[in-house]
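# Examining the three-dimensional arrangement
The primary structure of each chain is shown beneath.
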Amino acid sequence: MDEPQVEERPFRRGRRIAVDVGDARIGVASCDPDGVLATPVETVPAGVKSQARIGAIVDEYGAIEVIVGLPRSLSGKEGPAAEKVRAYAARLANRVYPVPVRLVDERMSTVTATHGLRASGVKAKKGRSVVDQAAAVVILQSALESERVSGRPPGESVEATG
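Residues numbered from 1 in each chain as written. Predicted model: local features only at pLDDT ≥ 70, side-chain atom pairs only at ≥ 80, totals over all residues. Heavy atoms only, no water.

## Brief notes about the packing of aromatic side chains
Geometry of an aromatic ring pair is reported as the spacing of the ring centres plus the angle between the planes. Counted according to the given criterion, the structure contains zero aromatic pairs. Directly above the ring of F11 sits R148, whose terminal nitrogen or CZ lies 3.9 Å from the centroid. (Phe/Tyr/Trp six-rings, centres within 6.5 Å; stacked < 30°, edge-to-face > 60°. Lys NZ or Arg CZ within 6 Å of the ring centre and 35° of its normal.)

## Regarding the confidence of the model for the protein chain
In regions of low pLDDT, the predicted coordinates are not meant to be interpreted in detail. Averaged over all residues, the pLDDT of the protein chain equals 86, while 80% of them reach at least 70. In the model of the protein chain, helix α3 (residues 109-119) stands out as the element of lowest mean pLDDT, 60, in contrast to helix α1 (residues 50-61), which has the highest, 98. (pLDDT = per-residue confidence, 0-100. Helix = DSSP H or I, 4+ residues; strand = E, 2+ residues; numbered from the N terminus.)

## Observations regarding the sheet that holds strand β2 (residues 25-31)
One open sheet accounts for six strands, arranged β3-β2-β1-β4-β5-β6; its pairing is mixed. At either end of the open sheet lies a strand with only one pairing partner, and these are β3 (38-45) and β6 (156-158). Each neighbouring strand pair of the sheet contributes to a mean axis angle of 30°, computed without reference to strand direction. Of the strand pairs in this sheet, β2 and β3 are connected by seven bridges, and their pairing is antiparallel. For A29, the partnering residue across the bridge sits in β3 and is P40. The sheet strands contacting α1 are β1 (16-21), β2, β3 and β4 (65-70), and the helix crosses β3 at an angle near 150°. This element, helix α2 (residues 80-96), spans β1, β2, β4, β5 (101-105) and β6 of the sheet and lies at about 170° to β4. (Pairing = 2+ DSSP bridges. Axes fitted to C-alpha atoms, helices over the stretch in contact; angles between N-to-C directions. Contact = heavy atoms within 4.5 Å.)

## Points about α1
The end-to-end C-alpha distance of α1, which contains twelve residues, comes to 16 Å, matching closely the 16 Å that a straight helix rising 1.5 Å per residue would cover. Here α1 has its buried residues at S50, Q51, I54, G55, I57 and V58. The arc that holds every buried residue of α1, seen down its axis, measures 160°, which confines them to one face. For α1, the exposed residues set more than 90 degrees away from the buried face come down to D59 and E60. Lining the buried residues of α1 we find β1, β2, β3, β4 and α2. Of the residues flanking the end of α1, it is G62, one or two places downstream, whose phi is positive at about 60°. (Expected span 1.5 Å × (residues − 1). Buried < 20%, exposed > 50% of the residue type's maximum accessible area, 1.4 Å probe, protein only. Arc of directions from axis to C-beta.)

## Some words on unusual backbone geometry
Trans is the prevailing form of peptide bonds, just as negative phi is the prevailing case for residues other than glycine. Of the consecutive residues Y97 and P98, the connecting peptide bond is found in the cis state with omega at 15°. As for its position among the elements, P98 is in the loop between α2 and β5.

## Digging into the environment of V21
The residue V21 is located in strand β1 in this model. A residue is classified by how much of its surface remains accessible, and V21, at 19% relative accessible area, is buried. Spatially, the C-alpha atoms of V21 and V44 are 9.4 Å apart, while their sequence positions differ by 23 residues. Once residues lying within four places of it in the same chain are set aside, the contact partners of V21 are I26, V68, V85 and Y88.

Have a look at this one:
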């Protein structure tokens, strides 16, 4: 008996950068060109210089895309934090153009990252900046998995306005 044919969905090859935008810190993660494993890169202080640093990371890694975690409530609604992140992502899209920027749902990423770090023995105070990087890793892994399953880029595109 022949095995059923499994349709291979296309997966775009190339490094992606993910950012977890917070009021004080921005966690940054990247993945390998095959999109198999997301790893922490660094924690960037939030503020006026953060966009320049993230732009430099995008260049340095030769990223094909930037994934920005969009904070939503558990019910899926967007509040003031999501508004801030949308504005940040729009500015970032202009800075890194022509590299596309996409917003993906980041519900529970910080909680997941915190639990994972705690389980591996990282203390809460010592781990604050590491939590931001770990949350970016969770966001990126989720986006990669979404693309693998759907065959489409994850989340929603952020248009650069020029």
